[in-house]
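Here's the letter readout for the chains.
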Amino acid sequence: MLIINHSFKIVIASEMNTPFIEVWINFLYAFSTNIHKSIIMKIVLSVQPIKYPLTGIGRYTYELAQHLQNIPEIEEVLYFSENHFLGDLPKRPDHEEASKTTTSYIDQVKRVLARNKLIVDIYRMVKSKTKQDLFSDFDNYIYHGPNFYVPDFPGAKVVTIHDLSVFTLPQFHPRERVVYLGKEIEASIRKVDMIITDSDYIKEEIIAYLGVPETKIGVAKLACGDEFHPRSSQEAQQTLDKYKLIYQGYTLYTGTIEPRKNLSNLIQAYKRLTLQVRKRYPLVLAGYSGWNNYEIMEHIARGQQEGWIMHLGFVPNDHLPNLFAGARLFVFPSIYEGFGLPVLEAMASGIPVLTSNKSSLPEVGANAVLYAEPTDVEGMTDLIYQGIFDEEWRESAIQKGLNQSKRFSWQRCAEDVAAIYQLAHQQRS
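Residues numbered from 1 in each chain as written. Predicted model: local features only at pLDDT ≥ 70, side-chain atom pairs only at ≥ 80, totals over all residues. Heavy atoms only, no water.

Enquirer: What is the right way to look at the sheet that holds strand β15 (residues 370-372) in this model?
Expert: Strand pairs in the sheet, formed through backbone hydrogen bonds, run parallel or antiparallel to each other. The strand order β12-β11-β10-β13-β14-β15 describes an open sheet built from six strands, whose pairing is parallel. The sheet is open, and its two borders are formed by β12 (309-313) and β15, each paired with just one other strand. Adjacent strand axes in the sheet meet at a mean angle of 20 degrees, parallel and antiparallel pairs treated alike. Note: strand β10 (residues 251-254) against strand β13 (residues 329-332), two bridges, orientation parallel. Paired with L252 across the two strands is F330, which belongs to β13. In the packing of helix α9 (residues 263-271) onto the sheet, the strands contacted are β10, β11 (283-286), β12 and β13, and the crossing angle to β11 comes to about 160 degrees. Lying over the sheet, helix α15 (residues 377-389) contacts β10, β13, β14 (353-356) and β15, oriented at roughly 165 degrees with respect to β15. (Pairing = 2+ DSSP bridges. Helix = DSSP H or I, 4+ residues; strand = E, 2+ residues; numbered from the N terminus. Axes fitted to C-alpha atoms, helices over the stretch in contact; angles between N-to-C directions. Contact = heavy atoms within 4.5 Å.)

Enquirer: What is the right way to look at the nonpolar core in this model?
Expert: Among soluble globular proteins, nonpolar side chains are generally buried collectively. Ranked by internal contacts, the top residues of the largest apolar core, which has 92 residues, are L68, I74, L323, I384, V417 and Y421. With eight residues, the top contributor of residues to this core is helix α17 (residues 410-428). Residues within four places of L68 in sequence aside, it is in contact with L45, I74, V77, A414, V417 and Y421. Among the nonpolar cores identified, the runner-up in size contains 26 residues, and V44, Y143, I202 and I217 belong to it. (Core = buried A, V, L, I, M, F, W, Y, C linked by side-chain atoms within 4.5 Å. Buried < 20%, exposed > 50% of the residue type's maximum accessible area, 1.4 Å probe, protein only.)

Enquirer: What exactly am I supposed to notice about the pattern of salt bridges here?
Expert: A side chain of one charge can pair with a side chain of the opposite charge when the charged atoms of the two come close. Counted under the stated rule, the structure contains 14 salt bridges. The partner of E258 in a salt bridge is R260, with the nearest N and O atoms 3.5 Å apart. The exposure class assigned to E258 is buried, which follows from its relative accessible area of 9%. When salt bridges with common partners are traced through the structure, they connect E258, R260, K261 and E337 into a single cluster. (Salt bridge = Lys/Arg side-chain N within 4 Å of Asp/Glu carboxyl O.)

The values are spatial; any link to function lies outside them.
What follows is the structure, encoded as structure tokens:
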């Protein structure tokens, strides 16, 4: 009888120590140890999402590109964007501007065309064929698409699926996004050797909704940068002065102004506080004006007229850490998130957090934050009040939040991604 212990060494438990058995023992030992031997890998990473100012997926791609270079098992990382390879990562411009707040005539035409199923299918076919010719000599590489999409590629393929909201919550997206991204996700899942998700919640959702085997999915949780940390009033006030804000004198939300973020209910909940409290601690909203937000913008306009809402619009990335650190409370009552990076950034900044109890957000906040049911406006009001005034809870939440935020790092994310690359390589082999 042969027994394999945890280190895959063979233990002889009988007296049948013949030359034949010895040959097989040596073979099995060599095979088992080789399984766990690190594979030296070459990676083609799509850096197309790195566009400034960085969005969440752009930040994820940028940090991966930086930290994958520190993984010993990765010999080479090539950067690919559109239809060509880049010598280096896209550079940040000297001045970030809120370019996404306006829509050009060309963008409007693109959106109209994107609603046509035939045009979308032709575009996807042409795009895939163009990239296929570029990758003809890359059999020994692993391609990673960090933004839902992978082209036809001769080597192993990995894709990051950040969420399934175009399938599960299509009402929160423009029709053209639902049509196009839905097709890309389904096509990518059929092609790839491994799928990466940002959270356990999205992993389980992919298994349940799309029927993907659990063994084909790995989780690599996101992180926030070192620039998010507690700051004194003296450290933060120079930035706060630009927005006429007082340290510890406002409640902060960051993110796109769109229905999925549940801002209408947040504003209604905040409005139930006394006017004195609202003016002492105004609700500050920082972020782009997004899709289908006419009703939300009307609520914001009324709150601004009454003096208890401030809509900052686009905020440069350099200002965000000080805005977080200077807030009294951070609120993020989103209905659905693939990860919920702003919650992590707030905890790392030493700020108490109120967020939603939906999707992946409890994975990020754990026991360090307050959780609201997104549709419970009255309950949300009570939690906002607690977050602002309950000093005992605030002190505990700040320390718990700082401890929780330390569980996440971009280096750990990159290491988890590299381990998934290894599995993709083994799947292909």
